[in-house]
Amino acid sequence: MTAPSYTRGDFQTDQEVRWCPGCGDYTILASVQQFLAGLGRPREEFVFISGIGCSSRFPYYVNTYGMHSIHGRAPAIASGVATTRPDLSVWVITGDGDGLSIGGNHLIHALRRNVNLKILLFNNQIYGLTKGQYSPTSEVGKSTKSSPFGSIDYPFNPVSLALGAEASYVARTLDMDRNHTQEILKTAYEHEGSAFIEIYQNCNVFNDKAFIQLTGKEERVHNRIDLEHGKPIVFDGGAKAVVMRGGEATVVDSSSVDPKAILVHDETRPNPSIAFALSRLSHGPYGPTPLGVFRNVQRPAYDAEVNAQVQAASDKLGSGDLHKLIRSHGTWTVEASSSNGG
Amino acid sequence: MADEIATPEPSTTPTEVLERLVVRFAGDSGDGMQLAGNRFTDASALFGNDLATLPSFPAEIRAPAGTLPGVSSFQVQIADYDILTAGDAPDCLVAMNPAALQKNLKDLRQGGTLLINTDAFDERNLAKAGYEEDPLSDGSLDGYRVIKVPMDDLTKKAVDGSGVSGRNVLRSKNFFALGLMAWLFHRPTEPTIAWVEKKFAKLPEVAAANTMAFKAGYNFGITPEATKNTFEVKPAALHPGTYTNVNGNTALAWGLIAASQKSGLPLFYGTYPITPASDVLHELSRHKNFGVRTFQAEDEIAGVGSAIGAAFAGNLAVTGSSGPGIALKSESISLAFMLELPLIVINVQRGGPSTGLPTKPEQSDLLFSLYGRHGESPIPVLAIPTPSEAFEMAIEAARIAIKYMTPVILLSDNYVANGSEPWRLPDLDAIPDIEVTFAENPNGPDGKFLPYLRNVDTFARPWAVPGTPGLEHRIGGLEKDAITGNVSYDPNNHQLMTDTRAWKVSNIANDIPPLEVTGDEDAKVLVLGWGSTFGTIRAAARRVRNEGQKVATAHLRHMNPMPNNLGEVLRSYDKLLIPELNTGQLLKLVRAEFLIDAVGLNKVAGEPFRVVDVTNKILEMVK
């Protein structure tokens, strides 16, 4: 059978896309649709599962199998799909509220188990759909509808969290950088097991310009640290570099260090400590902030392990015999006689 | 040290023949009373008695030794006829320590047999059990037939040479007690000995110690010190067939596997451990060679969530828990209801509310099952009456879930889950297949697939499983347009969809058997039950008839929708009694739906009804 040939249009639905004009979600949608079209994989093999939030309207706009489920629960539901159907490509669409607040528990366990899911977390650092409360990634002091005196919540760093949850693939990208997003999607897709991608996504209605330090024409030159496997980590036109010093990743002037001291990025390091250190270069999109793939290691994917166990049991015990099973606690027989209606 | 079971000569020990006998083993949690009780039960089953059991566990894993909260007991009723309950009160109590005596003596019937381990009755243990005087010598046991046995000492002597030492020596105490009980009640010994050999095959010293203790206990019975007479309960005249002894959780697990085979769908069980449902997970997790995938999720919500995903993906998806866990699953069950996917939700009810009484029986989740979700979400609800019926009811739950594309709640409880009884094995080939039709082709105009376009008979929507070409579609928790399946907030559509979902479920009433009534044709009183009160109600009705009065009984298995003939049945009696282990839930439903002035007999005490109490209530209503 020849591989199907798709265009982006094949992955669009007939539903009117209802995000606010100017929302970063449009670009992410286009990136994903284009990426899927380019894979040449039968469209019916894709499943998109979302929770609740602006992010989670996503499945309605992608012409694959999809489920718009309930707040925070997409990774759990998706785990049921991925574990029982290793033939499918299962994607989770979530946001900073859906995935890190109510859904935090399911997220970390899916990552820990290494369930074969591609998890796209649209982080806009606000609760958009409910119209503007602060989220687990909003900065301290942020004034919102539910924090008129300023938020006192210390935010998560989603990449650090994912690494702490043993995620085997962790990456960060920007909604507006379509090429970068597609590269990340590709390596995530090729990764066997959980892939966690934090996507900085601009909500122009409730939290506009949250990522300006990484997207602004001037600012991004100085602040984007693009991690590339196998390359020394330098940025700002080469003027700045990242070194490990005292157990931490630190930004230094390139001219002040021996080139050999500059940290060379290795996604495949088994120990996630350095990946974690890199994630601590910034606590959010402020100042020099790393983007790209932080970690990409191999460990057995959950669905493969589950199904291997099932197969091994059959190999060892033979295919299940229900007749034998219901007799496995010992039986006795009552013969027909005149006293028992026999 | 006894190698052999001594065969008593044509016995000088007189034997009393009983129709039925209730035995309760009681001791500290670490004393092995459940094991002893189960072995006694199995030996009785193989001997051919009909029986019913009621284990009683403390909630804590191991309360301080010798204390009242630490007492664990196991009650079994054996009979030469069709026995329905584990008995109101024991005829024979085995008390391994003072706390067990303190807690259980009040239930022992006057003149009953009391087997006591005198070695445990020292000052410390007496104090822990709250005794100021030693009951062995203060005359308080005068009304019973007391058999005093220094079991610790005799066990130590018995296992000498087996290879066990230290603390392990006294662990065989329960087998000593069991051996003595086997002699006292003419139980066959081979099943226990064979069981010990198999179970402890990898620990030969333990196998030896247990066997030696068992035989020593049996032989002790023959000595003059022991007893004045023995008791015999002849085999019951059960229906011809092949039987096994099974508890409700095991039978339920096997029923799910059967449903998987009959439907051709792989079984997925997404769950989280909780008393008293965990054994369903344990049993299913052992049967991977049946293609069963069990998923021990991070919490209750992920348990049901993963099952919903598995259902979407085309599996026979099940989740199981008890009250507190089902409460957590409410929102997800509501989603499954909106998605109209097949899903079985098992609730093994326990004492509530909140953490309640985890190891005690109660039936207080009925209204919760029917209404415990936000919004209008009527879901089919079934309730299991006895351990052996759990098998067929699991299959019935699957049948309804698949045929009507709906979540189904299957109610069990502690009594059904942990109690056991002989189960006449069904002819597996005679069980009908469960038909499954996955959608294969678009069903709408212009080659479109409409995920909510319903089957005209069942009103079930099509089951289009990911991976099927041409049927790509999206479903979700928002309200859907009745034809296209797209999100819709249209007022008329919401009314239509609400009514349609409700109608689909109520129509299932046309696909379930009518309610059967047993008992006297011209009875004026009907006793209506559901769930695990089945045996007790039948036993009470039997006693009522033995007193020359008339009564009819009926038992619901389908709680929603209820059988079509229910109203007609209820109205044909002058009086209606509904015994429930709750404050009146089926009672409320019957009164509301049928405007009948039904009367409840209600108990929320963490234990089953006593037959005598149900009997007395019926007699009160009959006269």
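Up top you'll find the structure we're talking about.
Residues numbered from 1 in each chain as written. Chains lettered and ligands numbered in written order. Predicted model: local features only at pLDDT ≥ 70, side-chain atom pairs only at ≥ 80, totals over all residues. Heavy atoms only, no water.

Moving on, we get to the packing of aromatic side chains. In this structure the tally under the stated criterion is 23 aromatic pairs over all chains. The interplanar angle of 25° and the centroid separation of 5.4 Å between the aromatic rings of B:Phe185 and B:Phe231 together place this pair among those described as stacked. Of the two residues, B:Phe185 is situated in the loop between α5 (173–184) and α6 (190–199) and B:Phe231 in strand β8 (residues 230–233); the sequence distance between them amounts to 46 residues. Accessibility classification places B:Phe185 together with B:Phe231 in one group, the buried group. Ring centres of B:Trp254 and B:Trp423 lie 6.4 Å apart, and the angle between their planes is 35°; this geometry places the pair in the tilted category. Residue B:Trp254 is located in helix α8 (residues 248–263), and its partner B:Trp423 is located in strand β16 (residues 420–424); the two are separated by 169 residues in the primary sequence. Accessibility expressed as a relative area gives 0% for B:Trp254, which makes it buried. Judged by its relative accessible area of 5%, B:Trp423 falls in the buried class. Within the aromatic cluster, the residues linked to one another by ring pairs are A:Trp19, A:Tyr26, A:Phe35, A:Phe48, A:Phe58, A:Tyr61, A:Trp91, A:Phe122 and A:Tyr189. The ring of A:Tyr302 carries A:Arg113 above its face, with NZ or CZ at 5.9 Å from the centroid. (Phe/Tyr/Trp six-rings, centres within 6.5 Å; stacked < 30°, edge-to-face > 60°. Helix = DSSP H or I, 4+ residues; strand = E, 2+ residues; numbered from the N terminus. Buried < 20%, exposed > 50% of the residue type's maximum accessible area, 1.4 Å probe, protein only. Lys NZ or Arg CZ within 6 Å of the ring centre and 35° of its normal.)

What follows is about the nonpolar core. Ranked by size, the top nonpolar core spans 157 residues in total, and within it B:Leu341, B:Ile344, B:Phe391, B:Leu410, B:Leu528 and B:Leu586 carry the most contacts. Among the elements that take part in this core, helix α13 (residues 390–404) of chain B stands out by supplying 11 residues, more than any other. Setting aside residues no more than four positions away along its own chain, B:Phe391 makes contact with A:Ile326, B:Ala251, B:Trp254, B:Gly255, B:Ala258, B:Trp423, B:Pro426, B:Leu428 and B:Ile431. B:Val76, B:Phe175, B:Val196 and B:Tyr243 belong to the second-largest nonpolar core, a separate cluster that totals 50 residues. (Core = buried A, V, L, I, M, F, W, Y, C linked by side-chain atoms within 4.5 Å. Contact = heavy atoms within 4.5 Å.)

The next point concerns helix α1 (residues 24–39) of chain A. Residues and elements named next belong to chain A. An ideal rise of 1.5 Å per residue puts 22 Å on 16 residues; α1 measures up with 23 Å between its terminal C-alpha atoms. Of all 16 residues in α1, 12 are buried; the element is thus mostly enclosed. Residues of α1 that are buried include every one of Gly 24, Asp 25, Thr 27, Ile 28, Leu 29, Ala 30, Ser 31, Val 32, Gln 33, Phe 35, Leu 36 and Ala 37, and no others. Elements in contact with the buried residues of α1: β1 (46–50), β3 (89–95), β4 (117–123), α6 (178–190) and β6 (195–200). Of the residues trailing α1, Gly 40 is marked for its positive phi of about 70°. (Expected span 1.5 Å × (residues − 1).)

We now examine the sheet that holds strand β11 (residues 289–296) of chain A. The sheet built from nine strands is open, its strands ordered β7(A)-β11(A)-β5(A)-β6(A)-β4(A)-β3(A)-β1(A)-β2(A)-β17(B) with mixed pairing. The two strands at the open ends of the sheet, each matched to only one other strand, are β7 (224–227) of chain A together with β17 (474–476) of chain B. Neighbour to neighbour, the strand axes of the sheet diverge by 20° on average, direction disregarded. Here β1(A) runs beside strand β2 (residues 65–68) of chain A; their pairing, made up of four bridges, is parallel. Opposite A:Ser50, over in β2(A), you have A:His68 as the bridge partner. Lying over the sheet, α6(A) contacts β1, β3, β4, β5 (169–174), β6, β7 and β11 of chain A, oriented at roughly 165° with respect to β5(A). Against the sheet, helix α11 (residues 323–339) of chain B contacts β2 of chain A together with β17 of chain B, and its axis sits at roughly 140° relative to β17(B). (Pairing = 2+ DSSP bridges. Axes fitted to C-alpha atoms, helices over the stretch in contact; angles between N-to-C directions.)

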